[in-house]
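Spelled out from the first residue to the last, the chains are:
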Amino acid sequence: MHTKTMEGLAGASMNMKLLNTPFRVYKEAERRGDTAAMERAGGYVSEFADKAEDYQKIAEKGTKEDAKEAREKAKTEQENAIWKHKEERKEQEKRVEESRNGDTDTVSISESGKAASDGKSAPLQAGTDNDISVEETVDAIKMEPVIYTKTGETAKPEPSTNISVSI
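Note that the coordinates shown come from a computational prediction; the quantities given were computed from them, not determined experimentally.

K.L.:
Help me understand the overall build of the protein in this model?
P.N.:
When you go through the protein residue by residue, the secondary structure sums to 4 helices and 2 strands. Considering the protein as a whole, with its 167 residues, one finds that 14% of them fall into the buried category. In the protein, 49% of the contacts between residues at least 6 apart in sequence involve partners at least 24 apart.

The following block contains the structure:
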């Protein structure tokens with residue numbers, strides 16, 4: 001909150017509270033019929049009311065300055081965010097370009113691998129390093145999922161576990 005805003009609000013509040021006393025005196029003088037006291041109290045009432053109005057104007061100026069500062073701050077933050085986004089985009093484009101130009105690994109699936117993924121059997125390829133048949137590979141793919149504990153051992157699922165979802 002801006003200093004002018006705080007000063008204006010505090011001053012206006014205090015003068016409105018101070019206004020109550022001469023206004024009470026004015027009402028008492030009115031009941032008694034004392035016009036001289038009514039005029040004096042009325043002068044004080046108008047004086048405090050004018051001061052409160054002046055402080056209200058100060059508070060409005062402070063509020064406008066606060067809003068202006070907030071807009072400038074938001075604009076600066078937005079510009080920084082745009083600049084940061086552009087930098088990140090340049091870095092990402094640079095990484096993509098490097099990955100295109102650099103040595104990249106490619107994966108090719110052999111005929112036996114394709115057959116294993118389709119569930120079909122294919123003859124063993126000559127020249128492979130391992131002597132695992134396609135049938136064993138297909139059997140390995142069809143195995144049940146395994147859950148491992150924190151220690152790395154396999155955990156057996158409980159056969160009596162029933163999961164039901166109601167919507």
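K.L.:
Can you walk me through the packing of helix H1 (residues 3-32) against helix H2 (residues 35-101) in this structure?
P.N.:
Helix packing geometry: the angle between the two helix axes and the distance between the axes. Packing of H1 against H2 leaves a shortest axis separation of 7 Å and a crossing angle of 165°. One finds that H1 runs roughly antiparallel with respect to H2. The handedness of the crossing between H1 and H2 is left-handed. In the contact of H1 with H2, the residues fall into 21 nonpolar, 8 polar and 7 charged.

K.L.:
Explain helix H3 (residues 111-118) here, please?
P.N.:
The α-helix advances 3.6 residues per turn, and as a result positions three or four apart in sequence lie on the same side. When we look at burial in H3, the residues that qualify are Ser 112, Ala 115 and Ala 116. Projected down its long axis, H3 carries its buried residues within an arc of 100°, all on one side. Across from the buried face of H3, at angles greater than 90 degrees, the exposed residues are Glu 111, Ser 117 and Asp 118.

K.L.:
Would you explain a nonpolar patch on the surface in this entry?
P.N.:
A contiguous nonpolar patch, built from Met 1, Met 6 and Leu 9 and spanning about 350 Å² of accessible area, is present on the exposed surface. By the element assignment, Leu 9 lies in helix H1. Accessibility expressed as a relative area gives 48% for Leu 9, which makes it partly exposed.

K.L.:
Help me understand the pattern of salt bridges, please; the structure alone is not making it clear to me.
P.N.:
Going through the model one piece at a time under the given rule, you end up with 3 salt bridges. Note that Arg 32 is salt-bridged to Asp 34, the shortest N-O span being 3.8 Å. Residue classification places Arg 32 among the exposed residues on the basis of a relative accessible area of 57%. The shortest N-O distance in the salt bridge between Lys 51 and Glu 47 comes to 3.8 Å. Taken together, the residues Lys 51 and Glu 47, both in helix H2 and 4 residues apart, mark about one turn of the helix. Given a relative accessible area of 36%, Lys 51 falls into the partly exposed group. Since its relative accessible area comes to 37%, Glu 47 is described here as partly exposed.

K.L.:
Got a minute to help me understand the side chain of Thr 5 in this structure?
P.N.:
By secondary structure assignment, the location of Thr 5 is in helix H1. Of the polar contacts made by the side chain of Thr 5, one reaches the backbone nitrogen of Thr 63; its length is 3.1 Å. Setting aside anything within four residues of it in sequence, one finds Thr 5 in contact with Ala 59, Gly 62, Thr 63 and Asp 66.

K.L.:
Explain H1 to me, please; I cannot follow it from the model alone.
P.N.:
Helix length check: H1 (30 residues) gives 44 Å between terminal C-alpha atoms against 44 Å at 1.5 Å per residue, within 8%. Where H1 is concerned, the buried positions are Thr 5, Gly 8, Gly 11, Ala 12, Asn 15, Leu 19, Pro 22 and Ala 29. On its buried face, H1 is in contact with H2. Remark: Gly 33 follows H1 within two positions and exhibits a positive phi of approximately 90°.

K.L.:
What am I meant to see in the confidence of the model for the protein here?
P.N.:
Should pLDDT be low for a region, the predicted coordinates there are not to be read in detail. Summing up the model confidence of the protein, the mean pLDDT is 81 and the portion of residues at 70 or higher is 77%. Per-element mean pLDDT across the protein ranges from 62 in helix H4 (residues 134-141) up to 91 in H2.

K.L.:
I would appreciate a short explanation of the side chain of Asn 15 in the present structure.
P.N.:
Among the secondary structure elements, Asn 15 is positioned in helix H1. Under the relative-accessibility criterion, Asn 15 is labelled buried at 6%. Beyond its immediate sequence surroundings of up to four residues, Asn 15 is in contact with Phe 48, Lys 51, Ala 52 and Tyr 55.

Reading the values: the criteria
- Residues numbered from 1 in each chain as written.
- Predicted model: local features only at pLDDT ≥ 70, side-chain atom pairs only at ≥ 80, totals over all residues.
- Heavy atoms only, no water.
- Helix = DSSP H or I, 4+ residues; strand = E, 2+ residues; numbered from the N terminus.
- Buried < 20%, exposed > 50% of the residue type's maximum accessible area, 1.4 Å probe, protein only.
- Contact = heavy atoms within 4.5 Å.
- Axes fitted to C-alpha atoms, helices over the stretch in contact; angles between N-to-C directions.
- Parallel < 35°, antiparallel > 145°, perpendicular 65-115°, else oblique.
- Left-handed = near helix turned anticlockwise from the far one by under 90°.
- Nonpolar A, V, L, I, M, F, W, Y, C, P; charged D, E, K, R; others polar.
- Arc of directions from axis to C-beta.
- Patch = residues over 30% accessible without salt bridge, like charges linked within 9 Å, V, L, I, M, F, W, Y side chains within 5 Å.
- Areas by Shrake-Rupley, 256 points an atom, 1.4 Å probe, with all protein chains shown as cover.
- Salt bridge = Lys/Arg side-chain N within 4 Å of Asp/Glu carboxyl O.
- Polar contact = N/O pair within 3.5 Å; in protein donor to acceptor, adjacent residues only side chain to side chain.
- Expected span 1.5 Å × (residues − 1).
- pLDDT = per-residue confidence, 0-100.

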